[in-house]
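# Summary of the model geometry
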Amino acid sequence: MDILSTVELNDCPLCLGPGLLEEEGGHCVYATCLDCGCHTVPVNYRTEAEKLDAAQRVAHLWNVGKVISEGVGE
Ligand SMILES: [Zn+2]
């Protein structure tokens, strides 16, 4: 079972596009928007158990709108 698919992700807080949890290099996870490309900071993990914890922290950041946009700054 893919552990990341068990974590709830809201729509993008910026554009309401579809949010996606991504793994990077097998040691960190972050959430990103398929439409506007904004993303959360990556959260590192070392074990499978920490991976779920990291994914939940990322999902929380995403769901409260703490995302980074590569576009024009504020
Ligand atoms: Zn978006």
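Look a little higher up for the structure.
All of these numbers come straight from a predicted model, not from anything done at the bench. Once a new chain begins, its residue numbering starts again from 1 and follows that chain's sequence as written. Reporting in this predicted model follows two pLDDT cut-offs: at least 70 for local features of residues, and 80 or more for side-chain atom pairs to be given and counted; totals over whole chains, interfaces and linings ignore these cut-offs and use all residues. Just so you know, side-chain values use all the structure's heavy atoms and leave hydrogens and water out.

So, about the sheet that holds strand E1 (residues 19-24). Pairing between sheet strands relies on hydrogen bonds along the backbone, with the strands arranged either parallel or antiparallel. As summarised here, the arrangement of the three strands in space is E1-E2-E3, forming an open sheet in which the pairing is antiparallel. The open sheet has two free edges, formed respectively by E1 and strand E3 (43-44), since each of these has just one partner strand. Summarising the sheet, E1 and strand E2 (residues 28-33) pair through six bridges and their orientation is antiparallel. Each residue of the ladder has a partner; that of Leu-21, found in E2, is Ala-31. Running at roughly 30 degrees to E2, helix H1 (residues 48-63) makes contact with E1, E2 and E3 of the sheet. At least two DSSP bridges between two strands are required for those strands to pair. Helix and strand definitions here come from DSSP, where helices need a minimum of 4 consecutive H or I residues and strands a minimum of 2 consecutive E residues; each element is numbered from the N-terminal end. Contacts are residue-level and defined by heavy atoms, with any inter-residue pair within 4.5 Å sufficient. To get an axis, fit a line to the C-alpha atoms, keeping to the stretch in contact for a helix; angles then go from 0 to 180 degrees between the N-to-C directions.

Before going further, it helps to examine the coordination of the zinc ion. Bound to the zinc ion on the protein side are Cys-12 (SG), Cys-15 (SG), Cys-33 (SG) and Cys-36 (SG), at distances that span 2.3 Å. One way to put it: the four donor atoms around the zinc ion meet at angles of 103 to 115 degrees, and that makes the site tetrahedral. The donor set covers N, O and S atoms within 2.8 Å of the metal, switching to 3.2 Å for Na, K and Ca, and it leaves out water, so a site may look short of donors. Mapped onto the sequence, the donors of the zinc ion take the spacing C-x2-C-x17-C-x2-C. Taken together, the residues Cys-15 in the segment before E1 and Cys-36 in the loop between E2 and E3 connect sequence positions 21 residues apart. Buried, partly exposed and exposed residues are distinguished by accessible area as a fraction of the type maximum, computed with a 1.4 Å probe on protein chains only: under 20%, between the cut-offs, and over 50%, respectively. On the basis of relative accessibility, which here comes to 38%, the residue Cys-36 falls in the partly exposed class. Note on geometry labels: four donors, all angles 85 to 135 degrees, give tetrahedral; four donors become square planar and six octahedral when opposite donors are over 155 degrees apart and every other angle is between 65 and 115; remaining cases are irregular.

Okay, the environment of Gly-17 next. Turning to its location among the elements, Gly-17 is positioned in the segment before E1. Between the alpha carbons of Gly-17 and Leu-34 there is a distance of 6.6 Å; along the sequence they are 17 residues apart. For Gly-17, the contacting residues outside a window of four places in its chain are Asp-11, Cys-12, Cys-33 and Asp-35.

With that settled, the discussion passes to the pattern of salt bridges. For this analysis, a salt bridge means a side-chain nitrogen from Lys or Arg found within 4 Å of a carboxyl oxygen belonging to Asp or Glu. Per the stated rule, a full pass over the model turns up two salt bridges. One salt bridge connects Glu-23 with Lys-51, and the closest N-O pair in it is separated by 3.2 Å. With Glu-23 in strand E1 and Lys-51 in helix H1, the pair connects residues that are 28 residues apart, well separated along the chain. Taking the relative accessible area as the measure of exposure, Glu-23 reaches 37% and is therefore partly exposed. With a shortest N-O distance of 3.3 Å, Glu-50 and Arg-46 are connected by a salt bridge.

Attention shifts here to the nonpolar core. Within soluble globular proteins, side chains that are nonpolar tend to cluster in buried spots. The biggest cluster of nonpolar side chains holds 17 residues, and the ones touching the most others in it are Leu-4, Leu-21, Val-29, Cys-38, Val-58 and Trp-62. No other element matches the five residues that H1 contributes to this core. Each nonpolar core is a collection of buried residues, namely Ala, Val, Leu, Ile, Met, Phe, Trp, Tyr and Cys, held together in the definition by side-chain atoms within 4.5 Å.

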